[in-house]
Amino acid sequence: MSENTTPSYDQAFAELQQIMQALQNDEISVDELAAKVQRASELIILCNTRLRDTEKKVSEIIDELGL
Amino acid sequence: MSENTTPSYDQAFAELQQIMQALQNDEISVDELAAKVQRASELIILCNTRLRDTEKKVSEIIDELGL
Amino acid sequence: MSENTTPSYDQAFAELQQIMQALQNDEISVDELAAKVQRASELIILCNTRLRDTEKKVSEIIDELGL
Amino acid sequence: MSENTTPSYDQAFAELQQIMQALQNDEISVDELAAKVQRASELIILCNTRLRDTEKKVSEIIDELGL
Amino acid sequence: MSENTTPSYDQAFAELQQIMQALQNDEISVDELAAKVQRASELIILCNTRLRDTEKKVSEIIDELGL
Amino acid sequence: MSENTTPSYDQAFAELQQIMQALQNDEISVDELAAKVQRASELIILCNTRLRDTEKKVSEIIDELGL
Amino acid sequence: MKFSTIDKFVAIFVAMEVESKKNVYRLSQITKSIHRALEVATGGKHYWVKAEISQWKTSQKGHAYLELVEMQGGQKMAAIQAVIWSMEMQVLQSKLKGDFGQIFNQGSEIVCMVGVEYHPVFGLKLRIIDVDISFTLGELEKRRRACIERLRSEGLLSLNRQLPVPRILQRIALITAPGSAAYTDFTKHLEANEFGYSIRVTTFSVRVQGVQSAAEIRQALLSINYDQFDAIAIIRGGGSTLDLDGFNDYELCKAAALCPLPILSGIGHETDLSVLDMVVGLPHKTPTAVADYIIDQMQSFEIDLLGMLNAILRQSKNRLSRDLLILENSLSVIKRSPASFVHRQRGDLHNISGKLARLTVEKLQRSRQVLKDLSGDIALNSKQKLAQRESQKIHELQELLIIYTQHRMQGISQQLENLQQTIKLLRPEKLLARGFSISRIQGKAIRDVRDLQSGDEIETELFNGNFRSVITQIHKKNNNDE
């Protein structure tokens, strides 16, 4: 994953799910496995960060609303 | 939301409903989520302000919000 | 098997299965048998090594993830 | 049978089968019989040795595999 | 019949058959008869010996093979 | 017939047949007849003796064959 | 009964005219006479009369002067002056209250109780003593129903109701009589709402009672700049049933129906519903109810907004936590599945290794068995060849040798035997024994008679001896053979 074109959450999530699907369906060969796990790890971190950020932002908005 | 076309209550409500609907139908990606919640928050603030204050005051708030 | 073009796990596994198939279909003569078993053995060792490597790599990746 | 061109198991086996065929078809005279049987015996010994050798080799290979 | 050129089984058998043929066709005179019978007898013994020898040899070969 | 030059069975039989031929063709007078008959008788005895001898010899040979 | 009295009165009048020929009376005599005659006919009597009020005037002393008419097909059939004396007016007003104005209106039809009064100066008048309010109400009801029917038939009845009502009615055009209790109640109620909502009311001043109210309200409705308002409110305080009649006015209701803004009404009566109430989009009983409605709408809108916001937040949180869960699951799958994947692969490899060993051993065993079978076959075949085939052949030859040899010798033996037999038969002794004899001359057998001469001595041999004889006669055969 090049740093200059960070994928969107949705792209990352979709890619992650593809990898997961492939993993679960045994469609990944041993040759690819490490690379795929590496990629999945990166995607998980990326998505997690994005999710936490979004969560934080939403919380801030709610706090600002003062409800 | 452009400053010159403040939405009506009904428009605001409809927009909120759209957001809600889209959320419910999973049509809003995490990437958009914060922005959508932000927009919902703004719409509510806007309505609240308008319900209690003069249009002028609302305009001032909108200006302050930088919308 | 030349060292500079080590086959991938999939290639090795495929070749292994070919040998197994030939063995099962009695297509291997006694003259070839030892050589074929030797080759199969090498392929099995190769695959095993690959598996171990992959396992290690994956473990490292997951450890690095620290999640 | 010259020692420098020992036949392969398959060649030896094929020759054995030829002898057998000739025997069955009464194509071998009494004068030749002993010689033919002698030849067959040698071929059988050869084949047996080959089999034993192969077995030993295969055993070693499989033992090395450590199964 | 000279001892140094003992006929082969096949030659002996062929001569024997010739004698038999001549006998059957009444081509042998009383004067020759004894000699011819003598010859036939010798040939029979020869063939039998050959057979037995061959049998023995074959048996030995087979016994040596341990079949 | 001189004793030292005993005719062979075939010679004897041939003479015998000549005599028989002559007898049958009425070429022999009553005066010769007795002599001729005498000769024929002698020849027959000779042949018979030869035959017996041969018979004996053959028997011996066959006995020797051991059937 | 009532009409028979009038008949009598008319009869007297006619009699007077006939009898007083050429007698000149003073006016007062006549009026007195009329007065007397009327007194006789109608004095102290009251009649219920149905008539239309064609003129209505009130004096400063509190009397009302009216003209009652009876119309039929646009033709005036009857007309008479009538009066409500102030004393009776007060009684009626206190009894009818607000309805009084509705009943005694120019143009309205009434059923009233009258006495006949004659005044020498002011002439003949019907003195109205009482009025039948139920008749008026009935008439009103009829008119009301006709109005509703007309509006319905013109498709106006539900027009205003069909207008979309904005969720928030913040700019209100208020049509009412300012300063009335209803007005104060309404505005105060709106201003003092506990939620702090800002509602801007613009008042359009009209009379809400009396004959002019319908027209004024209609005028106000038409004069409003609709763009500046969310809704129009028409309110008034409580009143009698007859008071409502203005709101049953067809023209007013039509204007309301055609109004592009939704109309709130607070003109109602506890029991009756005005036609206007039926026409407007948002009818309410009272002005307070209208104000409550406006505030409730705002509140419910705000509650809905908050509900929506909560739902949005909930959905957002759900969305986020769902994805978080999926990510966590993915992570655990990622953590777990390569291990199981590798484990499975390793199992496969292990199985293959085992299979390799097994298949190889099987292959070798199979090869060995094939070789063994072949060896056995070769051994068996080579042994069979000798033992059975060749040995048999030789044995047969041997037997044939004996048979052929014996056969040969038997043949020869037979041949010799036959010869011997033939020879035996040819022996001379045998011939002599049968009676043949041999004659010889000079030791030679005689074979030809020509060799003989008479007198020759011949010797004849028989089987058991011989004798000598001399030839005496020679007889020569005619030989055919030679």
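Residues numbered from 1 in each chain as written. Chains lettered and ligands numbered in written order. Predicted model: local features only at pLDDT ≥ 70, side-chain atom pairs only at ≥ 80, totals over all residues. Heavy atoms only, no water.

Peer 1: Would you mind showing me how to read the overall build of chain G here?
Peer 2: If you tally the helices and strands in chain G, you get 12 helices and 14 strands. By residue count, 41% of the 482 residues in chain G fall in the buried class. For chain G, contacts bridging at least 24 residues in sequence account for 63% of all contacts bridging at least 6. When the accessible surface of chain G is split by element, carbon and sulfur atoms take 52% of a total near 26800 Å². (Helix = DSSP H or I, 4+ residues; strand = E, 2+ residues; numbered from the N terminus. Buried < 20%, exposed > 50% of the residue type's maximum accessible area, 1.4 Å probe, protein only. Contact = heavy atoms within 4.5 Å. Areas by Shrake-Rupley, 256 points an atom, 1.4 Å probe, with all protein chains shown as cover.)

Peer 1: Help me understand the interface of chain G and chain B in this model?
Peer 2: Accessible area lost during the coming together of the parts is what is often quoted as the interface size. Taken together, the contacts link 25 residues of chain G with 25 residues of chain B. In this assembly, chain G packs against chain B so that about 2300 Å² is buried in total across both faces, 67% of it on carbon and sulfur atoms. When residues of chain G are sorted by the area they lose upon contact with chain B, Met308(G), Ile312(G) and Arg319(G) head the list and together hold 25% of the total. Taken together, chain G and chain B are joined by three salt bridges. Close ionic contact of Arg322(G) with Asp26(B) constitutes a salt bridge, the shortest N to O distance being 2.6 Å. (Buried area = accessible area lost by both parts, 1.4 Å probe. Salt bridge = Lys/Arg side-chain N within 4 Å of Asp/Glu carboxyl O.)

Peer 1: Before we go on, may I ask you to explain the packing of aromatic side chains in this structure?
Peer 2: What characterises a pair of aromatic rings is the spacing of the ring centres plus the angle enclosed by the ring planes. The full count for this structure, using the stated rule, is 13 aromatic pairs over all chains. With a centroid separation of 5.9 Å and 10 degrees between ring planes, the pair formed by Tyr9(F) and Phe13(F) is classed as stacked. You can see Tyr9(F) and its partner Phe13(F) sitting in helix α1 (residues 9–24), four residues apart, about one turn around the helix. Across the pair, exposure class does not vary: Tyr9(F) and Phe13(F) are buried alike. Ring plane angle 90 degrees and centroid distance 6.4 Å describe the contact between Tyr65(G) and Trp85(G), whose orientation is recorded as edge-to-face. Of this pair, Tyr65(G) sits in strand β2 (residues 64–72) while Trp85(G) sits in the loop between β3 (75–84) and α3 (86–96); the two residues are 20 residues apart in sequence, bridging distant segments of the chain. The structure contains a cluster of three or more aromatic residues connected by ring pairs, namely Tyr9(B), Phe13(B) and Phe301(G). A cation over an aromatic ring shows up here: Arg150(G) above the ring of Tyr250(G), its NZ or CZ 3.6 Å from the ring centre. For Arg167(G), the ring lying beneath its charged end belongs to Phe13(B), and the centroid distance is 4.9 Å. (Phe/Tyr/Trp six-rings, centres within 6.5 Å; stacked < 30°, edge-to-face > 60°. Lys NZ or Arg CZ within 6 Å of the ring centre and 35° of its normal.)

Peer 1: Can you help me understand the nonpolar core in this one?
Peer 2: It is characteristic of soluble globular proteins that their nonpolar side chains tend to be buried jointly. Of all hydrophobic cores here, the largest spans 183 residues; its most connected members are Leu16(D), Phe186(G), Leu264(G), Ile294(G) and Ile312(G). In terms of residue count, helix α11 (residues 287–426) of chain G provides more of this core than any other element does, 42 residues in total. Two domains each put at least three residues into this core: domain 2 (141–285) and domain 3 (302–427) of chain G. Membership of the second largest hydrophobic core comes to 35 residues, among which are Val208(G), Ile232(G), Leu252(G) and Ala257(G). (Core = buried A, V, L, I, M, F, W, Y, C linked by side-chain atoms within 4.5 Å. Domains from an automatic or database assignment.)

Peer 1: What is the right way to look at the sheet that holds strand β4 (residues 109–119) of chain G in this model?
Peer 2: Residue and element names in this part refer to chain G. An order of β1-β2-β3-β5-β4 is seen for the five strands of this closed barrel, with the pairing classed as mixed. Across the sheet, the mean angle from the axis of one strand to that of its neighbour is 60 degrees, orientation sign disregarded. In this sheet, strand β5 (residues 123–131) lies alongside β3 in parallel orientation, the contact comprising two bridges. In the strand pairing of β5, Ala82 is matched with Leu126. Sheet strands touched by α3: β1 (46–58), β2, β3 and β5. Its angle to β5, the strand with the most contacts, is close to 25 degrees. In this fold helix α5 (residues 133–153) packs onto β1, β4 and β5, with an angle of close to 140 degrees to the strand it touches most, β4. (Pairing = 2+ DSSP bridges. Axes fitted to C-alpha atoms, helices over the stretch in contact; angles between N-to-C directions.)

Peer 1: I tried to follow helix α1 (residues 9–24) of chain C on my own but got confused; where do I start?
Peer 2: Spacing of three or four residues puts side chains on the same side of an α-helix, whose turn is 3.6 residues. With 16 residues, α1(C) extends 22 Å from end C-alpha to end C-alpha; this agrees with the ideal 22 Å at 1.5 Å per step. For α1(C), the full list of buried residues reads Tyr9(C), Ala12(C), Phe13(C), Leu16(C), Ile19(C), Met20(C), Ala22(C) and Leu23(C). (Expected span 1.5 Å × (residues − 1).)

Peer 1: Explanation requested: the sheet that holds strand β7 (residues 200–205) of chain G in the structure shown.
Peer 2: Strand pairs in the sheet, formed through backbone hydrogen bonds, run parallel or antiparallel to each other. Residue and element names in this part refer to chain G. The strand order β7-β6-β8-β9-β10 describes an open sheet built from five strands, whose pairing is parallel. Only two strands of the sheet have a single partner each, and these edge strands are β7 and β10 (282–284). Taking each pair of neighbouring strands and ignoring which way they run, the sheet shows an average axis angle of 20 degrees. The pairing of strand β9 (residues 263–266) with β10 spans three bridges and is classified as parallel. Counted as the bridge partner of Gly266 is His284 from β10. Contacting β6 (171–176), β8 (231–235), β9 and β10, α11 runs over the sheet at an angle of about 140 degrees to β9.

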